[in-house]
Protein chains: 2
Amino acid sequence: MDVNGLQKAQEALDAEIKSFFNSAPPLRNIEDIGKDLRKFVEFNSPQAGNQSARKVVCVTSGGTTVPLEQRCVRYIDNFSSGHRGAASTEYFLKAGYSVIFLYRKGTRQPYCSLLPDDPFLECLEFTQESGIQARQPYSEAVKNAISEHHAAIANGTLLKLPFTTIFEYLQMLHLVAISMRSVGPHALFYLAAAVSDFYVPWESMAEHKIQSGSGPLDMRLVQVPKMLSGLRSEWAPMAYCISFKLETDVKILLEKADAALRKYKMHMVIANELLTRKEEVTLVTTNEKIHVRRDPKLVGDNVEEHIVKHIVKKHSAYVDNFDHKVSRASGS
Amino acid sequence: MDVNGLQKAQEALDAEIKSFFNSAPPLRNIEDIGKDLRKFVEFNSPQAGNQSARKVVCVTSGGTTVPLEQRCVRYIDNFSSGHRGAASTEYFLKAGYSVIFLYRKGTRQPYCSLLPDDPFLECLEFTQESGIQARQPYSEAVKNAISEHHAAIANGTLLKLPFTTIFEYLQMLHLVAISMRSVGPHALFYLAAAVSDFYVPWESMAEHKIQSGSGPLDMRLVQVPKMLSGLRSEWAPMAYCISFKLETDVKILLEKADAALRKYKMHMVIANELLTRKEEVTLVTTNEKIHVRRDPKLVGDNVEEHIVKHIVKKHSAYVDNFDHKVSRASGS
């Protein structure tokens, strides 16, 4: 594509993104979210003399829904337990990052990744003598989950923001990205959420529940505009950006990851296949492909721990390089 | 429709149901479910000399999913928190019923209806001095939820069976219905689950993740066969059957409920509208329409408590009438 063609494609995408946001139902609690974000980013910002300054990562987690009716009864959903995002959040916190955890309501929470699906009823019991206590074998895991989760929120290093629909998710990601600008290259995006590729534009959506009176249901879904380009080039141009590629067909996986890396100018794409994603992934950058695998013989070894270790190194090098450029530019 | 036409329609429906079950992916844990069901029903069965005999209700709760891909990444879901089913289960247990709670994984659980969405992290705290304890103001609610929930399971009056897809739900409902036959008219079905009307037949489903390469996505969904007829006429012909009708358009609600009552020969249809469903519903039977409403001035007054009270009365009358017929038939 020549320069003219590229510019036209960019303008078309910008128009699509604008139209998506204009027609989306507005966020209900936008002011509270904005306030929480400002406070959180300020607390962690690397401004002169800030003792609490930390690198900040936005971890997105869980799937987005696409409503099929305005008064939503039916929707399309993307399968994601949120395990990857929740476990990675723990390792980012351990590595000294502050985390904005943008998660689908009801999905897995940080520090709860070792617990069963419904820990409240599965892990607790009540006796007249001792009150509420954890059942064996969950005693340690429950204690750690509750205390570490609450500690991270109390000490200002974990901010949790829940979403449900694709409309909420993209508007919130936009807000987060803009508010993270002040963190400069210390900002990291770790986009593990399973985001819908297709949606029904709000204005063309049925108001009421679709009736099942007679015959089959035909639906036309249009593509969600590719917001990653906007994130990289406009929303948070200095941040280090990592997206995920999930496929069920391993034959096209790396090719797809490579294409995403180039197309959206990501710094890294993490390629994972549905059935083996808890065992291994490939970290794809322009220069290399790093194959990461958990050790199945090591109890408690998680693939997320290895992923985060690699990322922390890459992000550090990115920040150093950035600082170096700035110091050369300023002649110091 | 004449008798011939009716019979043809019935045959067509039977063929549809058969084809649905034949093409559905089989339940993974079918043997365990069967064993649990047999044990539970036997324990509660009104056979001679059974001290633990109770009426048995199958409460279905939460929404079913419709996979769009065989290796499921995307699916269509029906919105339902499961609050209605969970709260109703508590009142049925209180009224002396045993409950088979057929629920969507991750939805609201019995005795937890007063707690926030994520009670594990929201309601608990950990201190070195006292260990795990409930935060204020949840202290009483947490204690009751955990102790009553576990007590109901331990004393054999609550059996929980989780499902996710429409394929799992309908196969499990079928198993439950068949195993409840021995309870005769003492069996009640309270079908509060939000069941998909449309689905993609397994064999016509994409194996791999649908690619978002280019252009819009067109989908054709076919109707899920109406299993309520099968439930009433074949699976559990002696049971008292109640289904729900949810609409977002109040103008067509009662008409729809009436139609469902006649079409599927339900004993009762509970009509509810999306926005007001926690405040009021209408119980529709062939003879009457009972409008039920919670008292908003009474703290803790739930519409489910009123619904269950009415049902218990109707079901009692149904059982008495049944026994009366049997005793007349046997000449005693």
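Note that the structure is predicted; figures quoted are calculated from it, not measured. (Residues numbered from 1 in each chain as written. Chains lettered and ligands numbered in written order. Predicted model: local features only at pLDDT ≥ 70, side-chain atom pairs only at ≥ 80, totals over all residues. Heavy atoms only, no water.)

Attention now moves to the overall build of chain A. For chain A, the helix and strand inventory stands at nine helices and 14 strands. Against the 2.2 N^0.38 benchmark of 20 Å for 332 residues, chain A shows a C-alpha radius of gyration of 21 Å, consistent with a compact globule. Taken along the three principal axes of its C-alpha coordinates, chain A extends 75 × 75 × 45 Å. By the burial criterion, 52% of the 332 residues in chain A qualify as buried. By sequence separation, contacts in chain A at least 24 residues apart represent 70% of the contacts at least 6 residues apart. Of the roughly 15700 Å² that chain A leaves accessible, carbon and sulfur atoms contribute 52%. Of the charged side chains in chain A, 40 are positive and 38 negative, and the gap between their average positions amounts to 3 Å. (Helix = DSSP H or I, 4+ residues; strand = E, 2+ residues; numbered from the N terminus. Rg over C-alpha atoms; globule rule 2.2 N^0.38 Å. Buried < 20%, exposed > 50% of the residue type's maximum accessible area, 1.4 Å probe, protein only. Contact = heavy atoms within 4.5 Å. Areas by Shrake-Rupley, 256 points an atom, 1.4 Å probe, with all protein chains shown as cover. Lys, Arg positive; Asp, Glu negative; His and termini not counted. Charge placed at Lys NZ, Arg CZ, Asp CG, Glu CD.)

The pair of chain copies shares a relation made of a rotation about an axis and a shift along it. The operation relating chain A to chain B is a screw motion whose rotation component is 180°, with 0.0 Å of axial translation and a residual RMSD of 0.0 Å. In short, the pair behaves as if placed about a two-fold rotation axis. Relative to the rotation axis, the closest C-alpha in chain A is found at Ile76 of chain A, a distance of 2.1 Å. Interface overlap between copies: 100% of the residues of chain A at the interface are likewise at the interface in chain B, consistent with a symmetric, same-surface contact. (Least-squares fit on C-alpha atoms with pLDDT ≥ 70 in both.)

Further remarks concern the confidence of the model for chain A. In low-pLDDT regions, the fine details of the predicted coordinates are not to be read closely. Averaged over all residues, the pLDDT of chain A equals 91, while 97% of them reach at least 70. This complex was scored by the predictor with a pTM of 0.91 and an ipTM of 0.86. (pLDDT = per-residue confidence, 0-100.)

Moving on, we come to helix α3 (residues 83-94) of chain B. Residues that lie three or four places apart on an α-helix share one face, since the helix turns once every 3.6 residues. All names here are of chain B. With twelve residues, α3 ought to run about 16 Å at 1.5 Å a step, and its terminal C-alpha atoms sit 17 Å apart, in line with that. Across the twelve residues that make up α3, a large majority, eleven, are buried. All of the buried residues along α3 are His83, Arg84, Gly85, Ala86, Ala87, Ser88, Thr89, Glu90, Tyr91, Phe92 and Leu93. Where α3 terminates, the next one or two residues include Gly96, which has phi positive at roughly 95°. (Expected span 1.5 Å × (residues − 1).)

The subject of this paragraph is the packing of aromatic side chains. Inspection of the entire model under this criterion finds 24 aromatic pairs over all chains. For the pair Tyr240 of chain A and Tyr318 of chain A, a centre-to-centre distance of 5.1 Å together with 70° between the ring planes defines the contact as edge-to-face. You can see Tyr240 of chain A sitting in strand β11 (residues 240-247) and its partner Tyr318 of chain A sitting in helix α9 (residues 303-329), a full 78 residues away along the chain. We note that Tyr240 of chain A, like Tyr318 of chain A, is buried. Ring centres of Phe20 of chain B and Phe21 of chain B lie 5.7 Å apart, and the angle between their planes is 85°; on these two criteria the pair is classed as edge-to-face. (Phe/Tyr/Trp six-rings, centres within 6.5 Å; stacked < 30°, edge-to-face > 60°.)

The next thing to look at is the interface of chain A and chain B. On the chain B side, the residues contacting the 57 residues of chain A number 57 residues. Each partner contributes to the roughly 5500 Å² buried at the junction of chain A and chain B, and carbon and sulfur atoms together form 60% of this total. The largest share of the area that chain A buries against chain B comes from Phe120, Leu121 and Ile132 of chain A, three residues that together contribute 13% of it. For the interface between chain A and chain B, the tally reads four salt bridges. A salt bridge links Asp197 of chain B to Arg74 of chain A; the nearest nitrogen and oxygen atoms lie 2.5 Å apart. At the surface where chain A touches chain B, the tally comes to 14 residue pairs in polar contact (both at pLDDT 80 or more). Elements represented by at least two residues in the side of chain A that touches chain B include exactly β3 (74-78), α4 (119-122), β5 (124-127), β6 (131-134), α5 (139-154), β10 (217-223) and β11 of chain A. Class assignment of the residues belonging to the side of chain A that touches chain B gives a composition of 27 nonpolar, 13 polar and 17 charged. Here β10 of chain A runs beside strand β10 (residues 217-223) of chain B; their pairing, made up of five bridges, is antiparallel. (Buried area = accessible area lost by both parts, 1.4 Å probe. Salt bridge = Lys/Arg side-chain N within 4 Å of Asp/Glu carboxyl O. Polar contact = N/O pair within 3.5 Å; in protein donor to acceptor, adjacent residues only side chain to side chain. Nonpolar A, V, L, I, M, F, W, Y, C, P; charged D, E, K, R; others polar. Pairing = 2+ DSSP bridges.)

Taken as a whole, this structure holds 26 salt bridges over all chains when the rule is applied. With a shortest N-O distance of 3.4 Å, Glu140 of chain A and Lys143 of chain A are connected by a salt bridge. Of this pair, Glu140 of chain A and Lys143 of chain A both sit in helix α5, separated by three residues, roughly a single helical turn. Notably, a salt bridge pairs Arg108 of chain B with Asp117 of chain B, separated by 3.0 Å at the nearest N-O pair.

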